Amino acid sequence: MVHVNGDLTTCCLDEALANRLGNVRDTPLAALWTGSVVESWREAQLRGDFGASGPACTTCNWRSAGAVPAEVVAAWRQRRAGATPVGGGGACTGESVA
């Protein structure tokens, strides 16, 4: 979610910006959304390791809302493995796991 001041967080419930990834006025959205920190948080979410998936996630009551079938996770991981890094000539598709 991008706040009005440009701050980007991973969640619409993160009003305190605990999971702040940066600011889109300083860094391109694609670079923030595909950076190593958020990628590791995504992997942690998929493993159910909410303690490692961003500071706001440890106390969230929406943990079970985003269960993703194993085959969808496997396909996402495969696409990510073959993706061109941001700035490497590829385009950011804004893809979601589901």
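Everything numeric in this text was worked out from a predicted model, so none of it was measured.

Student: Quick question: what am I supposed to make of the overall build of the protein here?
Tutor: Counting secondary structure elements, the protein contains three helices and two strands. In sequence order, the secondary structure elements of the protein are arranged as β-β-α-α-α. With 98 residues in all, the protein has 26% of them scored as buried. As displayed, the protein offers around 6,200 Å² of accessible surface, 57% of which is attributable to carbon and sulfur atoms.

Student: I would appreciate a short explanation of the side chain of Arg 42 in the present structure.
Tutor: Note on placement: Arg 42 falls in helix H2 (residues 36-47). Residue class for Arg 42 comes out buried when judged on its relative accessible area of 17%. With residues up to four places along the chain from it excluded, the contact list for Arg 42 reads Trp 33 and Trp 76.

Student: So what exactly am I meant to see when it comes to the nonpolar core here?
Tutor: Soluble globular proteins tend to pack their nonpolar side chains together in the buried interior. If you look at the biggest cluster of nonpolar residues, it comprises five residues: Leu 8, Leu 21, Leu 32, Val 38 and Trp 41. Once you skip the residues sitting within four places of it in the chain, Val 38 turns out to touch Thr 10, Leu 21, Leu 32 and Trp 33.

Student: Whenever I open this one, the pattern of salt bridges confuses me. Can you help?
Tutor: Think of it this way: side chains of opposite charge can pair up when their charged atoms draw near. Counted according to the given criterion, the structure contains five salt bridges. Note that Arg 42 and Glu 39 form a salt bridge whose closest N and O atoms lie 2.5 Å from each other. Placement of both Arg 42 and Glu 39 in helix H2 is noted, with a separation of three residues, approximately one turn of the helix. A network of salt bridges, in which partner residues are shared, links Glu 39, Arg 42 and Arg 80.

Student: Help me out: how do you make sense of unusual backbone geometry in this one?
Tutor: When glycine is set aside, most residues are seen to have a negative phi, and most peptide bonds are trans. One non-glycine residue, Leu 17, lies in the positive phi region at around 60 degrees. Structurally, the position occupied by Leu 17 is in the loop between strand E1 (7-9) and strand E2 (20-23).

Calculation rules
- Residues numbered from 1 in each chain as written.
- Predicted model: local features only at pLDDT ≥ 70, side-chain atom pairs only at ≥ 80, totals over all residues.
- Heavy atoms only, no water.
- Helix = DSSP H or I, 4+ residues; strand = E, 2+ residues; numbered from the N terminus.
- Buried < 20%, exposed > 50% of the residue type's maximum accessible area, 1.4 Å probe, protein only.
- Areas by Shrake-Rupley, 256 points an atom, 1.4 Å probe, with all protein chains shown as cover.
- Contact = heavy atoms within 4.5 Å.
- Core = buried A, V, L, I, M, F, W, Y, C linked by side-chain atoms within 4.5 Å.
- Salt bridge = Lys/Arg side-chain N within 4 Å of Asp/Glu carboxyl O.

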